[in-house]
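Tertiary structure, described
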Amino acid sequence: MPPRLRPRLRRRLRRLPRVPTGSPLQLLLLACSFALAAYAGVRLLADDWFGVALWFVGVALLHDLVLLPLYTAADRAAVRGLGAVRRREWVLYVRVPAALSGLLLLVWFPLISGRVEQRYRLGTGLSVDVFLPRWLLLTAVLFGGSALLLALRLRRLRRAARPRSPAVH
């Protein structure tokens, strides 16, 4: 390449957007996670690929057509309710425990509802009777912890807003 073309080429290469690649460790972890997902996909689809595909489509439709409108309406009701008392910033203290509790319910629903009691008992020898009380207890702990964090934040805000006496300065 002639020397007079090198500066032009460098300028053009600088204009190209750079692809963020991350560190070599991040790339290795990403490659490993893709390999694990591919392995799980091959194993999952090996026996009943049509049933698995049908399940994914059904779950996507259930989420988009039923669950998304339900939790959007619940979130809007919480925002409106807290907005009515001029406390919209508190909505995060309801969203986080509700989302975590809902996720736990979604993951453990077959055992919480008792729908797979016979299969679970045959596979483990244990009862499913403990899952509903534990989920309710965990939900109460999540909301209680969120309420405690809100109370601590409000206490700190009240202390910061309290006027100090001149003797303190």
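Residues numbered from 1 in each chain as written. Predicted model: local features only at pLDDT ≥ 70, side-chain atom pairs only at ≥ 80, totals over all residues. Heavy atoms only, no water.

Further remarks concern a nonpolar patch on the surface. Taken together, Leu 44, Leu 45, Trp 49, Phe 50, Leu 54, Trp 55, Phe 56 and Val 59 make up a surface patch of nonpolar side chains, about 890 Å² in accessible area. At the level of secondary structure, the elements contributing two or more residues to the nonpolar patch comprise helix H2 (24–47) and helix H3 (49–84). Element by element, the count of residues in the nonpolar patch is highest for H3, at six residues. Looking at the element boundaries, Val 59 is found in helix H3. In this structure Val 59 comes out as partly exposed when scored by relative accessible area, which is 36%. (Patch = residues over 30% accessible without salt bridge, like charges linked within 9 Å, V, L, I, M, F, W, Y side chains within 5 Å. Areas by Shrake-Rupley, 256 points an atom, 1.4 Å probe, with all protein chains shown as cover. Salt bridge = Lys/Arg side-chain N within 4 Å of Asp/Glu carboxyl O. Helix = DSSP H or I, 4+ residues; strand = E, 2+ residues; numbered from the N terminus. Buried < 20%, exposed > 50% of the residue type's maximum accessible area, 1.4 Å probe, protein only.)

This paragraph deals with the packing of H2 against H3. The description of two packed helices rests on the angle between their axes and on the distance between the axes. Relative orientation of the contacting elements H2 and H3 amounts to 110°, with a least axis distance of 5 Å. Relative to H3, the element H2 lies roughly perpendicular. From H2, Leu 44, Leu 45 and Asp 47 reach across to H3, where they touch Trp 49, Val 52 and Phe 56. Split into classes, the residues belonging to the contact of H2 with H3 amount to five nonpolar, no polar and one charged. (Axes fitted to C-alpha atoms, helices over the stretch in contact; angles between N-to-C directions. Parallel < 35°, antiparallel > 145°, perpendicular 65-115°, else oblique. Contact = heavy atoms within 4.5 Å. Nonpolar A, V, L, I, M, F, W, Y, C, P; charged D, E, K, R; others polar.)

A cluster of basic residues, Arg 6, Arg 8, Arg 10, Arg 11, Arg 12, Arg 14 and Arg 15, forms a positive patch on the protein surface. Mapped onto the elements, Arg 11 comes out in helix H1 (residues 6–15). (Lys, Arg positive; Asp, Glu negative; His and termini not counted. Charge placed at Lys NZ, Arg CZ, Asp CG, Glu CD.)

Attention now moves to the packing of aromatic side chains. The full count for this structure, using the stated rule, is four aromatic pairs. Ring geometry for Trp 55 against Phe 56: centres 5.2 Å apart, planes inclined by 80°, an arrangement best described as edge-to-face. Since its relative accessible area comes to 54%, Trp 55 is described here as exposed. Ring plane angle 20° and centroid distance 5.9 Å describe the contact between Trp 108 and Phe 131, whose orientation is recorded as stacked. (Phe/Tyr/Trp six-rings, centres within 6.5 Å; stacked < 30°, edge-to-face > 60°.)

As a further point, take helix H4 (residues 92–113). The largest bend along H4 reaches roughly 65° and is located at Val 107, with the proline Pro 110 sitting one to four residues downstream. The set of residues buried in H4 consists of Pro 97, Ser 101, Leu 111 and Ile 112. Elements in contact with the buried residues of H4: helix H5 (117–124) and helix H6 (131–161). Gly 114 sits one or two residues past H4 and shows a positive phi near 80°. (Bend = angle between axes of the 7 residues up to and from the residue.)

A few words on the packing of H4 against H6. Orientation of H4 relative to H6, taken along the N-to-C sense of each, is 170°, at an axis distance of 10 Å. Considered as vectors, H4 and H6 are oriented roughly antiparallel to each other. The residues of H6 that touch H4, namely those facing Tyr 93, Val 94, Pro 97, Ala 98, Leu 100, Ser 101, Leu 104, Leu 105, Trp 108, Leu 111 and Ile 112, are Phe 131, Leu 132, Trp 135, Leu 138, Thr 139, Leu 142, Phe 143, Ser 146, Leu 149, Leu 150 and Arg 153. Tallied by class, the residues present in the contact of H4 with H6 amount to 18 nonpolar, three polar and one charged.

Given a rise of 1.5 Å per residue, 31 residues ought to cover 45 Å, and the 45 Å separating the end C-alpha atoms of H6 matches this to within 8%. Within the sequence span of H6, burial applies to Phe 131, Trp 135, Thr 139, Ser 146 and Leu 150. Contact partners of the buried residues in H6: H4 and H5. (Expected span 1.5 Å × (residues − 1).)

Turning our attention to the confidence of the model for the protein chain. This prediction gives the protein chain a mean pLDDT of 86; 93% of its residues lie at or above 70. When the elements of the protein chain are averaged for pLDDT, H1 gives the smallest value, 72, and H6 the largest, 93. (pLDDT = per-residue confidence, 0-100.)

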